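Spelled out from the first residue to the last, the chains are:
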Amino acid sequence: MRIALVLEYNGQGYCGWQKQLQHASIQTQLESALSRIACSPVHVVAAGRTDAGVHALYQVVHFDTHVQRPLSAWVRGTNAWLPGDISVLSASRVNLDFHARFSAIERTYLYHLLSRPARPGACQGKVGWIHDRLDLEKMRAAAKMLMGTHDFSAFRSSECQAKSPVRQLTKLEINCQGHFFIFEFRANAFLHHMVRNILGSLVYVGKGKYPPEWIQMLLKQRDRKFAAPTFSPDGLYLAGVRYDSKWNLPFCETVDPLAALHGF
């Protein structure tokens, strides 16, 4: 049978989702816990491979197993063997043709950015930080130029293995609450480091280094070397993965960005 899990985690202290030799990863921790419940080795596939330090509020994985366990065992039992910064939220039986990555229709990321002279203390590791003041309206104007279907080569990591740099960005909203800027990205799929590379360039616009039109120029140049450096992973959250309703997975509710920030 195939089981789909929804989980959340705090990415601090991990090398990222994907397991690596001699480094702690989310995948390693989850597979170890699931294998204890199954009493046999379990391999999981994720909707997205988050990088080191990146968090998740709604990550989806699937795995295959021959053992019979109640769905509650895949939740509460697995959580009993997981460290406190990783939690399985739900478990569902799905058809064997479901795939956590390839069946996904859309993904949503949030980025929390603290803009103030003093670095974060209580939220350290959960927010990005910049000491400069940022112009919200200039960043919003730049963000509009990224909406739609584009070749995002300017915001693609050199290590990206995607066959095509073309993606459809359906949402890029920026809001501000006090010293916090909240960026919400939604697309059919993302390139490696795409969100953090776009964010770095939006910050350049926000602090006045370039005008909003610079973003449009980057899209046309399709060259990573002209865009801003990759921004910190600290404030990045995989916040949702959407699937066709036929899979009957738990609905991914809209996340309140600040509630998510303080929820850990």
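Residues numbered from 1 in each chain as written. Predicted model: local features only at pLDDT ≥ 70, side-chain atom pairs only at ≥ 80, totals over all residues. Heavy atoms only, no water.

Things to note about the overall build of the chain
Then, in step 1: A tally of helices and strands in the chain yields six helices and 10 strands.
Then, in step 2: Over its C-alpha trace the chain gives a radius of gyration of 19 Å, about what one expects of a compact globule, namely 18 Å for 264 residues.
Then, in step 3: Seen through its principal axes, the chain has C-alpha atoms that stretch 60 × 40 × 35 Å.
Then, in step 4: For the chain, contacts bridging at least 24 residues in sequence account for 70% of all contacts bridging at least 6.
Then, in step 5: Summed over its atoms, the accessible surface of the chain is roughly 12,700 Å², and 49% of this surface lies on carbon and sulfur atoms. (Helix = DSSP H or I, 4+ residues; strand = E, 2+ residues; numbered from the N terminus. Rg over C-alpha atoms; globule rule 2.2 N^0.38 Å. Contact = heavy atoms within 4.5 Å. Areas by Shrake-Rupley, 256 points an atom, 1.4 Å probe, with all protein chains shown as cover.)

Here we look at the pattern of salt bridges
Then, in step 1: Summed over all chains, the structure comprises eight salt bridges.
Then, in step 2: Connected through salt bridges with shared partners, the residues Lys 171, Glu 184 and Arg 186 form a single ionic network. (Salt bridge = Lys/Arg side-chain N within 4 Å of Asp/Glu carboxyl O.)

A short note on unusual backbone geometry
Then, in step 1: In this structure, Cys 39 takes a positive phi of about 60° despite not being glycine.
Then, in step 2: Mapped onto the secondary structure, Cys 39 falls in the loop between α1 (26–38) and β2 (45–46).
Then, in step 3: Residue classification places Cys 39 among the exposed positions, given a relative accessible area of 63%. (Buried < 20%, exposed > 50% of the residue type's maximum accessible area, 1.4 Å probe, protein only.)

Let's talk about the packing of α1 against helix α2 (residues 71–81)
Then, in step 1: One can describe the packing of α1 onto α2 by two numbers: an axis separation of 9 Å at closest approach and a directional angle of 120°. Between α1 and α2, the angle is such that the two are oblique. Helix-helix and strand crossings are classified by hand; for α1 and α2 the assignment is right-handed. Residues Leu 30, Ala 33, Leu 34, Arg 36, Ile 37 and Ala 38 of α1 form the contact with α2, whose participating residues are Ala 73, Trp 74, Gly 77, Thr 78 and Trp 81.
Then, in step 2: Residues of the contact of α1 with α2, tallied by class, amount to eight nonpolar, two polar and one charged. (Axes fitted to C-alpha atoms, helices over the stretch in contact; angles between N-to-C directions. Parallel < 35°, antiparallel > 145°, perpendicular 65-115°, else oblique. Left-handed = near helix turned anticlockwise from the far one by under 90°. Nonpolar A, V, L, I, M, F, W, Y, C, P; charged D, E, K, R; others polar.)

Notes on the side chain of Arg 196
Then, in step 1: Within the element layout of this structure, Arg 196 appears in helix α4 (residues 194–206).
Then, in step 2: The residues contacting Arg 196, other than those within four sequence positions of it, are Asp 51, Pro 229, Thr 230, Phe 231, Ser 232, Pro 233 and Leu 236.

What to know about the environment of Leu 71
Then, in step 1: Positionally, Leu 71 belongs in helix α2.
Then, in step 2: On the basis of relative accessible area, Leu 71 is assigned to the partly exposed category, the value being 36%.
Then, in step 3: Placed 22 residues apart in sequence, Leu 71 and Arg 93 show a C-alpha to C-alpha distance of 8.0 Å.
Then, in step 4: Here Leu 71 is in contact with Ile 3, Ala 91, Ser 92 and Arg 93, once residues within four sequence places are set aside.

Comments concerning the pairing of strand β9 (residues 180–187)
Then, in step 1: Burial of β9 is extensive: seven of the eight residues sit out of reach of the surface.
Then, in step 2: By the bridge criterion, eight bridges tie strand β5 (residues 106–115) to β9 in an arrangement that is antiparallel. Across the sheet, the residue bridging to His 112 is Ile 182, located in β9.
Then, in step 3: Pairing of strand β8 (residues 166–177) with β9, which is carried by eight bridges, proceeds in the antiparallel orientation. (Pairing = 2+ DSSP bridges.)

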